[in-house]
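Summary of the model geometry
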Amino acid sequence: MDTLFDLPEPEITEEAVITHYRLSDDQYGSRAERDAIFAAERTMTAAVEEAGVGEVDGNEFGGGEAVLYAYGTDAKVLFKVLEPTLRDLPFRPAHVVLRYGRQETETRVDL
């Protein structure tokens, strides 16, 4: 038996960049706020695809907050690509959670 083919595939750890923005009301924010989030999401998707560092995986609105999700193999590299767009959005307070590795350790970055 050739053990070369019996080696397990290396497990790729997915890391995350999760961004939270406070909106103007306690529900879903204004139409203009949602449109700004959607436009930023399109910009982020293009930047991440061009850099080849992961994927933007959508958003969530509710409770007066908008949350954007992005995933890749290196949260720091992914955040570096996303950071200009994330900082351009005017909604505050805002913060980013960088989630690393299997132990899911996290770092918070205030925007």
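Report follows, based on the coordinates. (Residues numbered from 1 in each chain as written. Predicted model: local features only at pLDDT ≥ 70, side-chain atom pairs only at ≥ 80, totals over all residues. Heavy atoms only, no water.)

Let's shift gears to helix 1 (residues 31–51). Spanning 21 residues, helix 1 covers 30 Å between terminal C-alpha atoms, matching the ideal 30 Å at 1.5 Å per step. By the burial criterion, the buried members of helix 1 are E33, I37, A40, E41, M44 and V48. On an axial view of helix 1, the arc spanned by its buried residues comes to 110°, and they lie on one face. Set apart from the buried face of helix 1 by more than 90 degrees, the exposed residues are R31, A32, R42, E49 and E50. Here the buried face of helix 1 lies against strand 1 (15–22), strand 2 (55–62), strand 3 (65–72) and helix 2 (75–88). Count one or two residues on from helix 1 and you reach G52, which has phi positive near 65°. (Helix = DSSP H or I, 4+ residues; strand = E, 2+ residues; numbered from the N terminus. Expected span 1.5 Å × (residues − 1). Buried < 20%, exposed > 50% of the residue type's maximum accessible area, 1.4 Å probe, protein only. Arc of directions from axis to C-beta. Contact = heavy atoms within 4.5 Å.)

In this section: the pattern of salt bridges. Scanning the entire structure with this criterion turns up 5 salt bridges. A salt bridge links R87 to E83, with the shortest nitrogen-to-oxygen separation between them at 2.8 Å. Of the two residues, R87 and E83 both sit in helix 2, 4 residues apart, roughly one turn of that helix. A relative accessible area of 37% means that R87 is categorised as partly exposed. (Salt bridge = Lys/Arg side-chain N within 4 Å of Asp/Glu carboxyl O.)

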